[in-house]
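Structural features, examined
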Amino acid sequence: MKSAILIKGGRPLAGTVKVHGAKNSALPILAAALLAPGKSVIRNCPPLSDVNASLDILRHLGCTVEQDGDVIAVDASTLSRWDIPDGLMREMRSSVIFLGAVLGRTGQAELSFPGGCELGPRPIDLHLAAIRALGGVVREDGGRLRCAGGLTGREIIFTRPSVGATENAMLAAVAASGTTILCNAAREPEIVDLQNFLRTLGASVRGAGTSMVVIEGGKPLHGGEYTVMGDRIVAATYLAAAAAAGGEIAVSGVTPGHLATVCAVLAEAGCVLRQEGDVIHLASQGPLGGAKPVHTAPYPGFPTDAQPPLMAALARGTGITLFVEHIFDSRYRHVDELSRMGADIRVESRVAVVCGVPRLHGAAVEAADLRGGAALVVAALAAEGESRITGLKHLDRGYWNLEESLRGLGAEVVRRRLDS
Ligand code: UD1
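Residues numbered from 1 in each chain as written. Predicted model: local features only at pLDDT ≥ 70, side-chain atom pairs only at ≥ 80, totals over all residues. Heavy atoms only, no water.

1. Some words on the environment of I181
Within the secondary structure, I181 sits in strand β10 (residues 178-183). For the pair I181 and M170, spaced eleven residues apart in sequence, the C-alpha separation works out to 9.4 Å. Apart from residues no more than four positions distant in its own chain, I181 is found in contact with R154, E155, I156, M212, V213 and V214. (Helix = DSSP H or I, 4+ residues; strand = E, 2+ residues; numbered from the N terminus. Contact = heavy atoms within 4.5 Å.)

2. Structural notes on the side chain of E167
Position of E167 among the secondary structure elements: in helix α6 (residues 163-175). Buried charge without a salt bridge: E167, with R232 as the nearest opposite-charge side chain at an N-O distance of 8.5 Å. (Buried < 20%, exposed > 50% of the residue type's maximum accessible area, 1.4 Å probe, protein only. Lys, Arg positive; Asp, Glu negative; His and termini not counted. Salt bridge = Lys/Arg side-chain N within 4 Å of Asp/Glu carboxyl O.)

3. What to know about the sheet that holds strand β23 (residues 412-417)
Across the sheet, which stays open at both edges, the four strands sit in the order β21-β22-β1-β23 with mixed pairing between neighbours. The sheet is open, and its two borders are formed by β21 (364-366) and β23, each paired with just one other strand. With direction set aside, neighbouring strand axes in the sheet form an average angle of 25°. Summarising the sheet, β21 and strand β22 (residues 386-390) pair through three bridges and their orientation is parallel. Of the residues in β22, the one forming a bridge with A364 is R388. (Pairing = 2+ DSSP bridges. Axes fitted to C-alpha atoms, helices over the stretch in contact; angles between N-to-C directions.)

4. Notes on the sheet that holds strand β15 (residues 272-276)
The four strands lie next to each other as β2-β14-β16-β15, forming an open sheet whose pairing is mixed. The sheet terminates laterally at β2 (13-18) and β15, the two strands that pair on one side only. On average, each strand axis in the sheet is tilted by 10° relative to the strand beside it, whichever way the strands run. Both strand β14 (residues 247-252) and strand β16 (residues 279-284) contribute to a ladder of six bridges, which runs antiparallel. Note on β16: the bridge partner recorded for A250 is H281. Contacts from helix α8 (residues 232-245) reach β2, β14 and β16 within the one sheet, and its direction differs from that of β14 by about 175°.

5. Some details on the domain arrangement of the chain
What the domain assignment reports for the chain is domain 1 (3-19 + 231-417) and domain 2 (23-227). Listed by partner, the interface residues are 24 residues for domain 1 and 19 residues for domain 2. Summed over both partners, the interface of domain 1 with domain 2 buries about 1800 Å², with 53% contributed by carbon and sulfur atoms. Contact with domain 2 buries surface across domain 1, with Y299, R397 and W400 losing the most and accounting together for 36% of the total. In this structure, the connection of domain 1 to domain 2 is made through two salt bridges. In this structure, the salt-bridge partner of E190 is R232, at a minimum N-O distance of 2.8 Å. (Domains from an automatic or database assignment. Buried area = accessible area lost by both parts, 1.4 Å probe.)

6. Some details on the site of the ligand
The environment of the ligand is made up of 18 residues, and the closest members are D125, S162, V163, D305 and I327. Here L126 contributes a backbone N or O atom positioned 2.8 Å from an oxygen atom of the ligand. I327 has a polar backbone atom sitting 2.6 Å from an oxygen atom of the ligand. The fraction of the free accessible surface of the ligand (740 Å²) that becomes covered by protein chains is 87%. Of all elements in the fold, only α5 (125-133) and α6 reach the threshold of two or more residues within the shell around the ligand. Sorting elements by how many residues they give to the shell around the ligand places α5 first, with three residues. Both domains that meet at the shell around the ligand, namely domain 1 (3-19 + 231-417) and domain 2 (23-227), each give it at least three residues. (Near = heavy atom within 4 Å. Polar contact = N/O pair within 3.5 Å; in protein donor to acceptor, adjacent residues only side chain to side chain. Areas by Shrake-Rupley, 256 points an atom, 1.4 Å probe, with all protein chains shown as cover.)

7. Observations regarding the pairing of strand β7 (residues 137-141)
Relative to strand β8 (residues 144-148), β7 is paired through five bridges, and the arrangement is antiparallel. Paired with D141 across the bridge in β8 is R144. Here β7 folds back onto β8 in antiparallel fashion, the turn holding two residues, of which G142 has a positive phi close to 55°.

8. Considering the environment of V354
Considering the arrangement of structural elements, one finds V354 in strand β20 (residues 351-355). Sequence spacing of V354 and L322 is 32 residues, and the spatial spacing of their C-alpha atoms is 6.1 Å. Sequence-distant contacts of V354, that is, excluding residues within four places in its chain, are made with M311, L314, A315, G319, I320, T321, F323, D344 and I345.

This is the structure:
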């Protein structure tokens, strides 16, 4: 049944919101859990649709999975298969992250190509190059990938930093014999989170967070307990929402350093920010000024996933801000929808020019991707009148309890089933 989120905007936000665990940490950590022939308990693992798709894959592979709210137990001692059917792969593009873990644990893996997604083509050449470098034999056969081989550690130099390929290589390397050195690795905090989880399983991994990750493979692994880090993109979304709607909020459950570039843009646009432990406080008087050009980049640069919500926040304001998207080809799909709400944004290839307008108005809009959907929520909270946001399957991939959390901040938000 199709649903919509209805938002009556124009009310300032106030209060505290705790962010849930990071989707982009939870997914590789769930894949990692199948490397150890034991039971792992993973906390702060929100029941998002992408997480549930990962659990379906684990169950299909023979793992025993228990889910209680945001606590998940995975017993991988019963793992019995190495193939992932097309239907399960299609549920979630990031399911390619299972390649390294399944191959590492069983010596073989069969899965389908993830294909493109809402953000444009999503190649996996770097993932496959890493697996091949470790000795995996990969055959591409009518949309299916068949991989086999015992893995041996070695040096791998990535031609560009890729979050997923770095994680996939780490998972395979943990099971390989000997030492693997990953050079030009991605440095995202989620990779550090994966390293920390792998260590609780008994793996020897160091260097995550820098561009060189060293894995001494072949250590005996066992189950472990782990708490996933807070979701920095969800935090960025709530900060953008309060920046846009005005008010004063506290966002807890994150590492403020992970949001340094996002906070810098919001501060430049006129918000007052303060950090205290795992809390970021933000105060905003409403319409924002402009900011210096925002270039998305691999961590520690400005995150591409925070671009849409920040753009929405700057759409109502008095300044002009230039965004330059360097990571994905189709990352401005929210712009047409924001224009329906009165935003003045011009896109030319990778560049978007946001000219702040004095007011946005509510409209019926549709999310075309996950963070684009977050942008529509942010704009709707700042807009006068009611907005109706559809395309919720995208938002539900990455936001748990979104409406409840926003209501907790004083927003007027409900989810309604649509007839027909
Ligand atoms: C991860 C995040 C996603 C985020 C992105 C960039 C997860 C589950 N998803 O995606 O939310 O937007 O990082 O921070 O963690 N590339 C190749 N070949 C490859 C792999 C990637 O050319 O084999 C390119 C991509 O097309 C893209 C760039 O490298 O232009 C970065 O992509 P990557 O870091 O791999 O993103 P994901 O891991 O897919």
